[in-house]
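So the chains spell out like this:
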Amino acid sequence: MFDNGNTAAAAAAESSAASTLKLRFEQVKSLLQKEFGETAYRSWIMPIEAAGLSNGALELSVPTRFIRDWVKSHYADRIRSIWRQHFGAAIRVDIVVAAKKPAAPEGKETAQHTVAPYERPAVANENAAAVENLSSPLDARYTFQNYITGPSNELACAAAKRVADGEGAPNPLFLQGGVGLGKTHLMHATAQAIRARQPHRKVIYLSAEKFMYQFVRALRTKETMSFKEHFRNVDVLMIDDVQFICGKESTQEEFFHTFNALIDQGKQIVVSADQSPAEMDGIGERLRSRLGMGLVATINPTTYELRLAILQSKCQLLNRILPQDVLEFLAAKISASVRELEGALNRLLAHADLAGRVITVESATDLLQDLLRANDRRVTVEDIQRKVAEHYNIRLSDMHSPRRARPVARPRQVAMYLSKQLTEHSLPEIGRKFGGRDHTTIIHGVRKIEELCASDRALKDDIETLKRAISG
Ligand code: ADP
Ligand code: MG
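Because the structure is a prediction, the values reported are computed rather than measured.

A. Spatial organisation of the site of ligand 1. Near ligand 1, the surroundings consist of 18 residues, among which Ile 148, Gly 180, His 185, Arg 339 and Glu 342 are the closest. At a separation of 2.7 Å, an oxygen atom of ligand 1 approaches a polar backbone atom of Gly 180. Contact distances for ligand 1 include 3.1 Å between a nitrogen atom and a side-chain N or O atom of Lys 314. Looking at the shell around ligand 1, the elements with two or more residues in it are α8 (183–197), α13 (304–318) and α15 (338–355). Here the residues of the shell around ligand 1 are counted per class, giving 7 nonpolar, 7 polar and 4 charged.

Quick look at the structure:
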């Protein structure tokens, strides 16, 4: 690049390029921090350093392979698009592990201080406390007492209570359910019940992200052994949102060993995920079968009655009163998740405080416009099945039945196709709603209809008609 006679100028140019790069990358990092939040920042983003930029490739260095894989799958795309947006250049992102890199001419310095800024704040001051307190904090409001049950969640709740009592509990207990349906609440409730009633039982509750964070940190401080030992000494290990370890081989491996060691010792494991073990992609077969060998307790979407009961209970806890017709209105209209339902309730209560007025159905409609619209637009698989069954004059139960005769199979495939198109559900979720069919069956159905539509005018018209009827 530079001729030998001009080393001083070359070095100066190089160092100014390096500092520009560094500055730019700091900007990128702070945008990522805003976007992904503090925990993710501290675990994954902070350790990334910009090592060089040449020939359209931004080279980033990270301290471990594990962080590299994570950054690659979670942040590389985002880094690329931020870079293009802010600095107007399309780049490729290469991520290298600094510690393993041979001392390349310009690599030395970067390699040294990649580690330092991360290690100091994250490890030194927390180190002693972290081993003592591996568990994530628990929300005191998330108790069994505050958890309202109905047909959709009573199995999961009963199983969790068994774990809390410590007798005859399914092991592992796998809590499976969609977002905002109470998985975290149940896990906190279990952990808190144990701590209150049987303090000698050692419980660790971890979000999957925290689990990985702890693991990475242990690797970095060469405490892997004591880290494992620590988990191996717990009586109850709870890991929330375990789907986050899908595709993360080294974490999975670690989890698998810890898991086996605990199960062999007769210790209790509870995990939660938004999918069942069978549906999880990017997870090793061994771990999948271990996860499924206890009880997979599904938390199903809520019913109207349950939503109403939850609202009443929340009001009681907060010592507030809302008119019954407003509660009924909320329970009827906001059905997607309990989290949204709570959000709506809180918004109304805050408004009542501010305005000093009683909330009515009219004012609620006004205040919750955005939420109501989002819930309105949400077409359900059940709606689709009903409309399609009516249209083709078959029984609704044929949507779930194993019958394969064409007169029922084809409409069923139409319903699968529309479910994929008009709802946000994943293929496994749709499969479940069609009599527990495998997601590959759903893919097959969707493709079949796509194919047929290309040549079959009548079918295409049918589908258009149905779409209009369903979306209202
Ligand atoms: P998930 O972990 O499944 O996404 P959370 O446990 O975070 O859901 O629940 C979201 C919110 O809804 C929490 O505030 C929780 O207390 C509340 N919630 C969910 N289910 C219930 C229930 N059955 N009774 C009372 N509150 C509930
Ligand atoms: Mg949760």
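Having seen it, we continue.
B. How the structure looks around the environment of Tyr 205. Its location among the elements puts Tyr 205 in strand β5 (residues 203–207). For the pair Tyr 205 and Thr 190, spaced 15 residues apart in sequence, the C-alpha to C-alpha distance is 9.5 Å. A polar atom in the side chain of Tyr 205 sits 3.3 Å from the side chain of His 188. At 2.5 Å, the side chain of Tyr 205 and the side chain of Asp 240 are in polar contact.

C. Inspection of the pattern of salt bridges at higher detail. Using the criterion set out here, one finds 16 salt bridges in the structure. For Arg 141, the salt bridge identified is with Asp 139, shortest N-O distance 2.6 Å. Exposure remark for Arg 141: the relative accessible area of 57% places this residue in the exposed category. Connected through shared salt-bridge partners, Arg 395, Asp 398 and Arg 403 make up one network.

D. Representation of the environment of Leu 308. Checked against the element boundaries, Leu 308 lands in helix α13. Leu 308 sits in the buried class, given a relative accessible area of 13%. If we ignore the near neighbours within four places in the chain, the residues touching Leu 308 are Gln 324, Leu 327, Glu 328 and Ala 331.

E. Examining unusual backbone geometry more closely. Here the bond from Asn 171 into Pro 172 is cis, since omega is -5°, no more than 30 degrees from zero. Take Pro 172: it is sitting in the loop between α7 (154–165) and β4 (173–177). Phi is positive for Asp 241, which is not a glycine, with a value near 55°. Assignment of secondary structure puts Asp 241 in the loop between β6 (236–240) and α11 (249–264).

F. Molecular detail of the nonpolar core. Within the largest apolar cluster, 52 residues are counted, with the highest numbers of intra-cluster contacts made by Phe 25, Leu 60, Ile 79, Val 242 and Phe 255. Counting residues per element, this core draws most heavily on helix α4 (residues 76–87), at 5 residues. Formed by 25 residues, the second largest nonpolar core is a distinct cluster that contains Met 399, Leu 418, Cys 453 and Leu 459.

G. Structural view of α4. Taking 1.5 Å of rise per residue, 12 residues should cover 16 Å, and α4 covers 16 Å from first to last C-alpha, within 8% of that figure. Restricting attention to buried positions, one finds in α4 the residues Ala 76, Ile 79, Ser 81, Ile 82, Trp 83 and Phe 87. Taken from the residues just after α4, Gly 88 is the one with a positive phi, measuring 65°.

H. Region of the structure containing the sheet that holds strand β8 (residues 295–299). A sheet is described by the order of its strands in space; here 5 strands give the open sequence β5-β6-β7-β4-β8, paired in parallel fashion. If you trace the sheet from one side to the other, it starts and ends with β5 and β8, each paired once. Each strand axis lies, on average, 15° off the axis of its neighbour in the sheet, ignoring direction. As paired elements, β6 and strand β7 (residues 268–273) share 4 bridges and run parallel to each other. Within β7, the position partnered with Met 238 by the bridge is Val 270.

I. Looking closely at the confidence of the model for the protein. Of the residues in the protein, 87% have a pLDDT of 70 or more, and the chain-wide mean is 84. Contacts of residues 1–5 to residues separated by more than four positions or lying in other chains number 2 contacts, the stretch itself having pLDDT below 50. Per-residue pLDDT stays below 50 along residues 100–132; that stretch engages in 41 contacts with residues further than four places along the chain or on separate chains.

J. Quick look at the sheet that holds strand β3 (residues 92–97). Read across the open sheet, the 3 strands follow the order β1-β2-β3; overall the sheet is mixed. Edge positions in the open sheet fall to β1 (49–54) and β3, since each of these has one partner strand only. Across the sheet, the mean angle from the axis of one strand to that of its neighbour is 25°, orientation sign disregarded. Inspection of the sheet shows β1 paired to strand β2 (residues 57–62) by 5 bridges, in the antiparallel sense. Each residue of the ladder has a partner; that of Glu 49, found in β2, is Ser 61.

K. Up close: the packing of aromatic side chains. For the structure on display, the rule yields 2 aromatic pairs. Between Phe 36 and Tyr 75, the ring centres sit 4.8 Å apart and the planes meet at 80°, which makes this aromatic pair edge-to-face. Taken as a pair, Phe 36 in helix α1 (residues 7–36) and Tyr 75 in the loop between α3 (65–74) and α4 lie far apart in primary sequence, 39 residues in all. Look at Tyr 75 and you get buried, because its relative accessible area is 3%. Ring geometry for Trp 83 against Phe 87: centres 4.7 Å apart, planes inclined by 65°, an arrangement best described as edge-to-face. Residue Trp 83 and its partner Phe 87 are located together in helix α4, separated by 4 residues, close to a single helical turn. Each member of the pair, Trp 83 as well as Phe 87, is classed as buried.

Each value, and the rule that gives it
- Residues numbered from 1 in each chain as written.
- Chains lettered and ligands numbered in written order.
- Predicted model: local features only at pLDDT ≥ 70, side-chain atom pairs only at ≥ 80, totals over all residues.
- Heavy atoms only, no water.
- Near = heavy atom within 4 Å.
- Polar contact = N/O pair within 3.5 Å; in protein donor to acceptor, adjacent residues only side chain to side chain.
- Helix = DSSP H or I, 4+ residues; strand = E, 2+ residues; numbered from the N terminus.
- Nonpolar A, V, L, I, M, F, W, Y, C, P; charged D, E, K, R; others polar.
- Salt bridge = Lys/Arg side-chain N within 4 Å of Asp/Glu carboxyl O.
- Buried < 20%, exposed > 50% of the residue type's maximum accessible area, 1.4 Å probe, protein only.
- Contact = heavy atoms within 4.5 Å.
- Core = buried A, V, L, I, M, F, W, Y, C linked by side-chain atoms within 4.5 Å.
- Expected span 1.5 Å × (residues − 1).
- Pairing = 2+ DSSP bridges.
- Axes fitted to C-alpha atoms, helices over the stretch in contact; angles between N-to-C directions.
- pLDDT = per-residue confidence, 0-100.
- Phe/Tyr/Trp six-rings, centres within 6.5 Å; stacked < 30°, edge-to-face > 60°.

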